[in-house]
Structure formats: structure tokens, C-alpha cells
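A closer look at the structure
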Amino acid sequence: MTNIQPRTGTRVEFQGVTKVFSSGNTSVTALDNIDLVVEPGEILGVIGYSGAGKSTLVRMINGLDTPTSGKLLLDGTNIVGMPEKQIRSLRRNIGMIFQQFNLMRSRTAAGNIAYPLKLAGMPKEQRQQRVAELLDFVGLSDRGGNYPEQLSGGQKQRVGIARALATNPTLLLCDEATSALDPETTHDVLALLRRVNQELGITIVVITHEMDVVRSIADKVAVMENGKVVEFGDVYQVFSAPKTQVAARFVATTLRNTPDQIEADELLAGDGRLFTINLTEHSGFFTAAAEARSQGVSINIVHGGITTLKHQSFGKITVRLTGDPEVIETFYQRLQRTTECEEILR
Ligand SMILES: Nc1ncnc2c1ncn2[C@@H]1O[C@H](COP(=O)(O)OP(=O)(O)OP(=O)(O)O)[C@@H](O)[C@H]1O
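Quick caveat: nothing in here was measured; it's all calculated off a predicted structure.

Procedures and definitions
- Residues numbered from 1 in each chain as written.
- Predicted model: local features only at pLDDT ≥ 70, side-chain atom pairs only at ≥ 80, totals over all residues.
- Helix = DSSP H or I, 4+ residues; strand = E, 2+ residues; numbered from the N terminus.
- Buried ≥ 20, exposed ≤ 12 C-beta atoms within 10 Å, placed from the backbone.
- Contact = placed C-beta atoms within 7 Å.
- Pairing = 2+ DSSP bridges.
- Domains from an automatic or database assignment.
- Nonpolar A, V, L, I, M, F, W, Y, C, P; charged D, E, K, R; others polar.
- UniProt positions renumbered as here; feature names shortened; annotations may be inferred.
- Arc of directions from axis to C-beta.
- Near = placed C-beta within 6 Å.

All right, on to the overall build of the protein chain then. The number of helices and strands found in the protein chain is 12 helices and 14 strands. Along the three orthogonal principal directions, the C-alpha set of the protein chain runs to about 80 × 50 × 35 Å. Scored against the burial criterion, the 346 residues of the protein chain give a buried share of 38%. Contacts spanning at least 24 positions in sequence make up 69% of the contacts within the protein chain whose residues lie at least 6 apart.

So, on to the environment of Ala 109. Relative to the elements of secondary structure, Ala 109 occurs in helix α3 (residues 109-119). Owing to 28 C-beta atoms within 10 Å, Ala 109 belongs among the buried residues under this scheme. For the pair formed by Ala 109 and Thr 170, sequence separation is 61 residues and the distance between their alpha carbons is 23 Å. Ignoring anything within four residues of it in the chain, the contact list for Ala 109 reads Leu 140, Arg 143, Gly 144, Asn 146, Leu 151 and Val 159.

Each strand in a sheet pairs with another by means of backbone hydrogen bonds, the pair being arranged parallel or else antiparallel. As summarised here, the arrangement of the 4 strands in space is β2-β1-β4-β5, forming an open sheet in which the pairing is antiparallel. Lying at the two open borders of the sheet, with one neighbouring strand each, are β2 (26-38) and β5 (77-78). Here 9 bridges tie strand β1 (residues 12-23) to β2, and the two strands are oriented antiparallel to one another. If you follow Phe 14 over to β2, its bridge partner there is Leu 36.

Turning our attention to the domain arrangement of the protein chain. Segmentation of the protein chain into domains returns domain 1 (12-93 + 169-250) and domain 2 (261-344). Taking the mean C-alpha position of each, domain 1 and domain 2 sit 37 Å from one another. Of the residues lining the interface, 5 residues belong to domain 1; the matching set on domain 2 comes to 5 residues. Counting residues per element, the side of domain 1 that touches domain 2 draws most heavily on helix α8 (residues 235-240), which supplies 4 residues. The residue makeup of the side of domain 1 that touches domain 2, split by class, is 3 nonpolar, 1 polar and 1 charged.

A few words now on the environment of Pro 6. Tracing the backbone shows Pro 6 in the segment before β1. Considered as a pair, Pro 6 and Gln 86 are 80 residues apart in the sequence and their alpha carbons are 25 Å apart. Beyond its immediate stretch of four places on either side in the chain, Pro 6 contacts Glu 199, Leu 200 and Gly 201.

Below, the discussion takes up the UniProt feature "domain: ABC transporter" (unreviewed entry) in the protein chain. The feature "domain: ABC transporter" (unreviewed entry), as annotated in UniProt, sits at residues 12-251 in this numbering. Span residues 12-251 is 38% helix and 28% strand, its end C-alpha atoms 25 Å apart.

Take the pairing of strand β3 (residues 43-48) next. Extensive coverage of β3 is indicated by the burial of 6 of its 6 residues. Both faces of β3 are covered, namely the face carrying Ile 43, Gly 45 and Ile 47 and the face carrying Leu 44, Val 46 and Gly 48. With 5 bridges connecting them, β3 and strand β9 (residues 220-225) associate as parallel partners. Each bridged residue has a counterpart across the sheet, and for Ile 47 the counterpart in β9 is Val 223.

What follows concerns helix α9 (residues 245-254). Side chains that are three or four residues apart share a direction in an α-helix, a result of its 3.6 residues per turn. Taken residue by residue, α9 has Ala 247, Phe 250 and Val 251 as its buried positions. The buried residues of α9 occupy an angular sector of 100° when the element is viewed end-on, so they sit on one face. Opposite the packed face of α9, turned more than 90 degrees from it, sit the exposed residues Gln 245 and Thr 253.

Below, the discussion takes up the site of the ligand. Lining the immediate surroundings of the ligand are Phe 21, Val 28, Ala 30, Gly 48, Ser 50, Gly 51, Ala 52, Gly 53, Lys 54, Ser 55, Thr 56 and His 209. Those elements that place two or more of their residues in the shell around the ligand are β2 and α1 (54-61). By residue number, the principal contributor to the shell around the ligand is α1, which donates 3 residues.

Written out as C-alpha cells, the structure is:
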């Protein structure tokens with residue numbers, strides 16, 4: 001593939017970015033003092049409930065809106081206050097894909113992909129070659145002549161991705177790009193995005209309200225609430241030990257590793273004490289369990305889930321301990337020092 005070549009992804013940095021929308025007497029702080037860095041070639045997942053500020057955040061990056069205060073640096077250059085003409089030229093390095101695909105219905109898949117190239121003034125012959133390469137890259141070589149209505153949702157999003165890649169961007173922004181797709185198609189589109197990132201080196205920012213998307217594609221995650229980034233870190237770090245309630249809630253939607261209220265009530269009907277234990281590498285669970293067992297306490301696993309993320313395993317188990325109350329209490333005290341260990345109480 002001659003023209004689809006690796007490049008260095010864009011570095012994106014928010015420095016104290018605030019965005020206030022005012023109309024009359026009311027104002028909404030859509031972004032509240034955001035500090036955030038996306039390193040070249042990284043995939044950042046931005047997650048939050050509706051109204052958290054995700055779309056506003058993306059609009060700052062592509063210069064479609066400007067912060068009320070703060071700086072937005074693309075590869076070290078602050079774009080806030082930059083003349084429109086310059087921003088437009090920077091925007092050529094940014095590709096976008098959308099939830100509703102935003103394809104032109106009157107053009108074929110090939111025509112949609114060719115459009116940005118036409119705008120950029122690429123001669124017809126070169127354009128055709130490039131479109132063929134892009135169709136091949138997204139696995140739609142045989143679909144170039146189809147109109148959007150003749151394509152499935154997943155195929156339309158592949159066309160959207162090919163179109164976004166046409167002008168060789170170094171940054172790809174994905175706004176709920178898989179939200180309109182079924183789980184299997186979502187998986188295929190995310191796999192394609194990962195390929196885009198790995199083979200081309202493009203930085204990707206994925207806006208989503210689905211933690212599964214973050215889990216399967218992102219390197220880092222920013223959790224947003226009320227215009228603030230309330231938690232930011234490696235996906236492994238955030239998934240294995242979320243620090244905020246909102247992050248924990250999102251993690252719980254994709255990892256069913258703790259009993260819900262109904263399951264907990266059923267479990268509490270039995271004997272003994274119940275503990276949910278975070279199993280990390282140095283949790284100390286197996287040593288504590290062996291010690292308690294050697295003193296006649298029985299330990300049964302009643303719930304749990306272990307996951308691998310970025311080649312590291314983590315998870316939680318819920319255990320029921322029955323036997324000598326003092327030994328059980330020692331087990332609990334001991335684990336509280338080495339990992340997160342919570343008792344399930346009535
Ligand atoms: N142009 C605007 N004028 C006024 N208020 C706005 C504007 N754009 C966004 N807002 C407000 O800013 C806040 C953040 O909105 P934003 O669309 O960024 O959230 P979001 O997390 O993307 O939500 P969703 O997932 O529903 O798209 C909301 O309270 C919204 O009503």
C-alpha cells in the first residue's frame with residue numbers, strides 16, 4: 001500500500017480549558033478547568049454520561065469551538081485564538097467519524113471517500129488509486145460502487161473511517177462511532193480502529209458512554225462528570241482500582257465481578273460472613289485463605305470475575321467464610337492491609 005503509511009500521531013494537550021455557554025441570565029460550564037494529555041500514538045477513551053461535556057471536549061480539539069479560557073495545544077502549538085485560516089489547515093490533520101456516519105447519500109462509497117481528496121485538489125487518477133487503497137484497507141474493495149443505503153451500518157462506518165483517513169490525518173476523533181451498531185459489528189469496527197492506530201501510528205480520541213468500548217480499545221481513559229475530568233489513567237489502573245464512584249459505576253457495567261443487590265440478598269440468607277476481595281498480584285488472598293483454612297475455617301467462592309486487560313489480570317471474588325469467628329476476623333483484618341476487602345452486610 002503506497003500511500004497509507006505510518007506517521008507520527010498528534011500530541012494533544014488541554015491546559016486549564018474551561019468552556020462556558022451563556023445565553024441571557026443562564027450559563028452552563030460545559031468544561032471546567034480541564035488538564036489532559038494524549039501522547040502521540042495513544043488511544044484515549046473519554047467516557048461520561050449524557051451532558052458530561054464529551055462532545056464539547058472534542059469540538060475544542062478540532063477547533064470547531066473555542067475555550068472560554070485555557071490553552072489547547074496540538075503538537076505543542078496553542079490553537080486558541082489562532083486565525084480561522086490556520087485552524088482550517090490544521091484541521092486537515094484531523095479525521096472525524098460519527099455515530100450516524102454522515103455519508104453523502106447521493107455519492108457511492110468510493111465517491112464519499114474521494115470527496116475530501118477532491119476538495120484538497122488531488123488529480124483524478126491519483127484520487128482513484130488512493131480510494132482503491134483505502135477501500136482495500138477497510139476491507140471494502142468490492143463495495144466502492146455501492147451507495148450508503150446499500151451498505152450495512154458496519155460497512156457505512158468503514159466507509160466513514162476510510163474517508164477520515166483519506167487526507168492522511170495524524171489524529172482521529174471518534175464521536176460515539178459504534179453506538180448505532182450491534183455488538184458484533186462494534187467489535188469489527190473497533191478492531192479496524194485498533195489497526196488504524198497500530199499500523200498507521202495515528203492518535204485516536206474515542207468519545208463513548210460504553211465502558212466496553214474503552215476496555216477493548218483504549219490505552220488511557222478519562223472519566224468525565226459535570227464538565228470535569230474526575231479520573232484519568234491507564235485503562236488497567238482505572239478498571240482494576242477505580243477511585244471515583246462514577247468510574248466504579250462505569251467499570252461495573254462491563255465487569256460483572258461483584259454481586260448486585262439481589263444476588264447479595266440471596267447470599268446473605270446463608271451462614272457465615274461474606275467478603276468481596278480485590279484480586280491483584282499482591283493481594284495476599286491465597287496466603288490469608290490458607291492460614292484460615294489451616295485453622296478449620298471453610299472458604300467458598302460464591303461470586304467473582306477475572307479479566308485480562310493489557311496482558312494483566314485482575315478481578316474480584318466474593319467468598320463465604322464459616323467457622324471460628326476469631327479466625328474469620330483475623331482473615332478480614334489481614335486482607336484489609338494488603339488489598340481492598342469489603343464485607344457484604346445486610
Ligand atoms: N452550544 C451550546 N449552547 C449551550 N449549552 C451547550 C452547548 N453545547 C453544549 N452545551 C451544554 O454543555 C453541557 C455539555 O454538553 P456536551 O454535549 O458536551 O455533553 P456530552 O457529554 O457530549 O453529552 P451527550 O453524550 O449527550 O452528547 C450540557 O449541559 C449541554 O447542555
